[in-house]
Structures are given as structure tokens and as C-alpha cells.
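The primary structure of each chain is shown beneath.
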There are 2 protein chains.
Amino acid sequence: MKSFREATAVDQDRQADLDPQWAVGDKLHGGYLMAVLGRAVAATAPLPHLVAMTTTFLRPPAPGAARVEVEALREGRTAGQYRARLMQDGTPCAEALVTQGTLDASAPWWARAKPPALPAEEDCLLLPSNQPGSPFTVHLLDVVEHRLDPACLGFAAGQPSQDGRVAGYLRLADGADWDPLSLLIATDPAPPVSLTLGVTGWAPTLSLTAYVRRLPAPGPVRVVMHSNEITSGRMDEVVEVWDAADNLVAQATQLAAVRV
Amino acid sequence: MKSFREATAVDQDRQADLDPQWAVGDKLHGGYLMAVLGRAVAATAPLPHLVAMTTTFLRPPAPGAARVEVEALREGRTAGQYRARLMQDGTPCAEALVTQGTLDASAPWWARAKPPALPAEEDCLLLPSNQPGSPFTVHLLDVVEHRLDPACLGFAAGQPSQDGRVAGYLRLADGADWDPLSLLIATDPAPPVSLTLGVTGWAPTLSLTAYVRRLPAPGPVRVVMHSNEITSGRMDEVVEVWDAADNLVAQATQLAAVRV
């Protein structure tokens, strides 16, 4: 099994080898594709870290060979702006706008957000990649351990919640600590909020925006995702990612299509 | 003075005439530029409404002639994806990823968000475009009336808040009701949260993501913006826009550079 770093590698010709392990059913995970795009940008950008990224998903790529096209839109002293496209067989699969900058681990100048109240990690439930009764395998869960707050899991017992919240602890199964690129995976956790509300269908992401705010401390991250509304067949999901030292390390928001 | 519709018009050759009235100091307002880009996309897209848009700001355009380049990335039955670029004198000024879809005014299938608690509109304070002591004129405030919750305005009396919140009522001064494109203006309200915290410098947007959730009811919108953190010279701002019928009509998040 490849590590996150190996699975998202992009060579000098911007060729990637998309790894079937980072998938939900037969679809490669959005956060994984974002990390491949982000790694290709980082390879060319003078500034070291991805700080913002919006990705539009066009067509699901298959595992295997793919290429990332990167165009610098503006390179400044403290921020660089890039467009990145994931191409497979001459077809665009995803397009992203990426902002590069410099992250550190300093204390915030000002903060209002509070770390989430979650049960202890050992009291959360490890999601299996093969859930009994599930119509597909969530291969991603074998490389990214999700331990979810039991309060989110009523849907699995036929008792969906009305909270619209998914929360838990995430760790990379290869033992690696989180970094600005792997945090993109954490900004798109499983399952979608819609499933916790009892909507079993696929919730394809239309657009996902992630901000990385800080270099994460070692250890698991806590992820809290909530939706505000499901309206006209679309759901928003807002995510905060907190590191083991109680720092907000990433934020995200996505709009997904939901058939209700 | 041009109406919003006139000021954001894009002709058949995708030429716009950027209007100096929609500016903060000598910089055209981000939400205004987003609306120009969105109008150019809507002119070519089969689906009627902008539902998601992320814009990266590259170089501030000057008032006057500009051109919008639009490329369709994927056109599906319920969602279309586009790239739009604002060009001036051959130079890209902003690039956006836009999702088109169909909005309606139906009740949400599920909702968790609650309308904001704000003082009555008449108890909020109309921001003047020429604030005594301000180093520049906020021309935008003569076309978009901002009536702010007095609780946000301590900074103007030398008493900055630690709340990290800006909230108030917005109306188009030309009397027009809000629509999916003008709501983009409301997703980038004045002033930035940093100013309410006592940081007087410019807070240029690196990337702004807006979702339009519903066709708005007539009347003013209420806008609530808060930041989670200012860290490493960057600030997030999260915005909710509610219509006069207590519906969430738009959401946004932006990352801005702040010098503290």
C-alpha cells in the first residue's frame, strides 16, 4: 500500500499515477485529487505552502496515469496564484485555483474559533472500509482512519439525526503526520452530512474550497463538518480541522449536489 | 449614476465598462467584479443562475473598458462549470470558477441555520461614503446602502471590538430588488472584519467563494460576517446573507491578506 506521499507523487513531467486505494466506491476521493493538484503546484511555485484552493470537479478520473497542467497567474512576494488542471486521456477531470504562501506554527494574532467538543479518540468509532450492508467499499478508510463521534452514526442503525453534523478524529494509516497537502484530504471527510440525515444517494461535489491556516502539530486531527441547508438539490458543507495542539489548521466549504 | 444592471452590463463581444462608482477608495469592489464576471457567464450558459463562484484577484483593474473571457468546462443537465477571466489591456485582473444551475424560492428540504438576531433596520447606522477622518471615499456606499449594527462600529470611536463580526442591512440604492448576481455584492460587505478589530490597513482578498442558495425575496438583505482567525498575515471571513423573508440566500467565505 502506498503512503500518502507516494500516492500523490507528481514527476518532473507533471505525470501522476492515480492510486485506486484513495477512493470511495469506484470514485477517487476529491481531497486526494486536490492533493495531487496541490503537489504539482508546489513543485513549481517559489512560495512553499498551499494556503487556499478551490477545485471544480468535472469528470471522475480513473485510477492510473494522469497529468497536471499548472499555469502561474500571478507570483507576488507573499502570495502566488495558480491554475491547475487534472487531465486524463486529453480530457479535463478537475480544475483548481490555488494560492501559495508561507505557513508557520505561530500563535494567531486574533482568534474567535474554539476547538470542538468531541468524545475522547478511543470512544469514537473506527469506520470500516467494508460496512456490512453498504453497496460499495470505501477504500479510502484503509489509508485514512476515521474515528467518528458516535453521535453522528445514528443513520447506520436506521436512526438518522437532524443535527447535520459529522465529527471525529482522522489519522493517516501510514503513520505520517499531517502536512498542508494531506490536510486537503481531511477537508473532505466521510461520510457526507446528507447520509447522516438519511439520504443514501451519492453527493457529488460541485466545488470545494479549502484554506490551510497553519502547519499542523503531530498527532490526529479533529474534523467537524456541518451543513447549513439542503435546498433545491444542493447541500453546503462547512469543515473545520483542528490539530492535536488545539489549533485551527484548515477550513473548508463545499457545495454538493444531493437528490432528496 | 448607473443602476447595478447597467454598471455590470457585458455586451455581445463580452466587453464591460467598469464603473468607478463601485469602488472602495481607488479599488473596484471585489463583489462588483464578481458580478461582471457572473453576468458574462450567464449570457452564454444554458442554465439560468449562478450558484457557486470562486474568484482569485490578480491585479486591480482600472475603471473603464475590460473584457471577460468565458470557457465552458462542463455543461450538464443540472450544473454547468465555467472559467471566467477579467482582462484589461491584455492583462488578467481576476479569474473565476463558476457553477451555473437553477435557483428557486422553495422551502429548504432540511435546514439548521437560523436567521441572525439584528437590531431593527431603522436602529442600524447608515455608513457614509465620506467618513470624517477616513483616508479615502467608499464610493460603493452611495450605490449599496449599508446600515450596520451599532455593536460593530466601536472602531469608529477608537474602541475596536474583539467580536470579529460585521452585521447589518444592505439595499441597492437604485431601489432594485436583489438578484443572484447582485447578491455577490452582498457577499463582500464593508468594512472588513479586521477594521472592527482595530487594524486600519487594507485587507486585499486573495480568494472569495460565494454560493447563491435561493432566489431572494424583495426588500433588504441582512448580512452577517465573522472571522475565525487572523494568523500568519491572513484572515478568513465567513458571510451569511438572509433575505427579508428569513431565508438564507447566499453564503461566502474569503481569505484576505492582513498586515498586523
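Visitor: Explain helix 2 (residues 30-44) of chain A residue by residue, including any values.
Guide: Helix length check: helix 2 of chain A, at 15 residues, gives a terminal C-alpha distance of 22 Å against a target of 21 Å (1.5 Å per residue), a fit within 8%. Those residues of helix 2 of chain A lying buried are Gly30, Gly31, Tyr32, Leu33, Met34, Ala35, Val36, Leu37, Gly38, Arg39, Ala40 and Val41 of chain A.

Visitor: Just give me the short version of the packing of aromatic side chains, but keep the residues and values in it.
Guide: Taken as a whole and judged by the stated rule, the model has six aromatic pairs over all chains. Residues phenylalanine 4 of chain A and tryptophan 22 of chain A carry aromatic rings whose centres are separated by 5.8 Å and whose planes lie at 65° to one another, so their mutual orientation is edge-to-face. In this pair, phenylalanine 4 of chain A is assigned in helix 1 (residues 4-7) and tryptophan 22 of chain A in the loop between strand 1 (15-18) and strand 2 (23-24), connecting sequence segments 18 residues apart. Each member of the pair, phenylalanine 4 of chain A as well as tryptophan 22 of chain A, is classed as buried. Relative to tryptophan 202 of chain B, the ring of phenylalanine 136 of chain B lies with its centre 6.3 Å away and its plane at 75°, an arrangement referred to as edge-to-face. Within this pair, whereas phenylalanine 136 of chain B is found in the loop between strand 9 (125-126) and strand 10 (144-148), its partner tryptophan 202 of chain B is found in the loop between helix 4 (193-196) and strand 12 (205-212), the two being separated by 66 residues in sequence.

Visitor: Which residues make up the relation of the copies chain B and chain A, and what values do they have?
Guide: At an RMSD of 0.0 Å, chain B and chain A line up after a rotation of 180° and a shift of 0.0 Å along the axis. Look at the turn and shift together and you get a two-fold axis relating the two. The overlap is high: 100% of the interface residues of chain B also sit at the interface in chain A, so the same surface is used on both sides.

Visitor: Go over the interface of chain B and chain A, please, and point to the residues and values.
Guide: Of the residues lining the interface, 59 residues belong to chain B; the matching set on chain A comes to 59 residues. Its residues placed into classes, the side of chain B that touches chain A shows 23 nonpolar, 19 polar and 17 charged.

Visitor: Describe the confidence of the model for chain A, with residues and values.
Guide: In this model, chain A carries an average pLDDT of 96, and 100% of its residues clear a pLDDT of 70 or more. Our summary of model confidence lists the complex with pTM equal to 0.97 and ipTM equal to 0.96.

Visitor: I'd like a description of the pattern of salt bridges, backed by residues and values.
Guide: Considering all chains together, one arrives at 30 salt bridges over all chains under this definition. Between glutamate 71 of chain A and arginine 85 of chain B there is a salt bridge, and its shortest N-O distance comes to 4.0 Å. Taken together, the positions of glutamate 71 of chain A in strand 5 (residues 64-75) and arginine 85 of chain B in strand 6 (residues 80-88) put the pair across two chains. A relative accessible area of 35% means that glutamate 71 of chain A is categorised as partly exposed. Put simply, arginine 165 of chain B and aspartate 149 of chain B hold a salt bridge, and the shortest N to O gap is 3.1 Å. Here arginine 165 of chain B, found in strand 11 (residues 165-172), pairs with aspartate 149 of chain B, found in the loop between strand 10 and strand 11; they are 16 residues apart in sequence, far enough to count as distant. You can call arginine 165 of chain B partly exposed: its relative accessible area is 25%. Assessed through its relative accessible area of 7%, aspartate 149 of chain B is described here as buried.

Visitor: Would you mind going over unusual backbone geometry in detail, with residue names and values included?
Guide: Trans peptide bonds make up the majority, and among non-glycine residues the majority have a negative phi. Note the cis peptide between alanine 190 of chain A and proline 191 of chain A, where omega equals -15°. Locating proline 191 of chain A in the fold gives a position in the loop between helix 3 (183-186) and helix 4 (193-196). Phi at aspartate 89 of chain B is positive, roughly 55°, even though this residue is not glycine. Within the secondary structure, aspartate 89 of chain B is located in the loop between strand 6 and strand 7 (91-101).

Cut-offs used in this document
- Residues numbered from 1 in each chain as written.
- Chains lettered and ligands numbered in written order.
- Predicted model: local features only at pLDDT ≥ 70, side-chain atom pairs only at ≥ 80, totals over all residues.
- Heavy atoms only, no water.
- Helix = DSSP H or I, 4+ residues; strand = E, 2+ residues; numbered from the N terminus.
- Expected span 1.5 Å × (residues − 1).
- Buried < 20%, exposed > 50% of the residue type's maximum accessible area, 1.4 Å probe, protein only.
- Phe/Tyr/Trp six-rings, centres within 6.5 Å; stacked < 30°, edge-to-face > 60°.
- Least-squares fit on C-alpha atoms with pLDDT ≥ 70 in both.
- Contact = heavy atoms within 4.5 Å.
- Nonpolar A, V, L, I, M, F, W, Y, C, P; charged D, E, K, R; others polar.
- pLDDT = per-residue confidence, 0-100.
- Salt bridge = Lys/Arg side-chain N within 4 Å of Asp/Glu carboxyl O.

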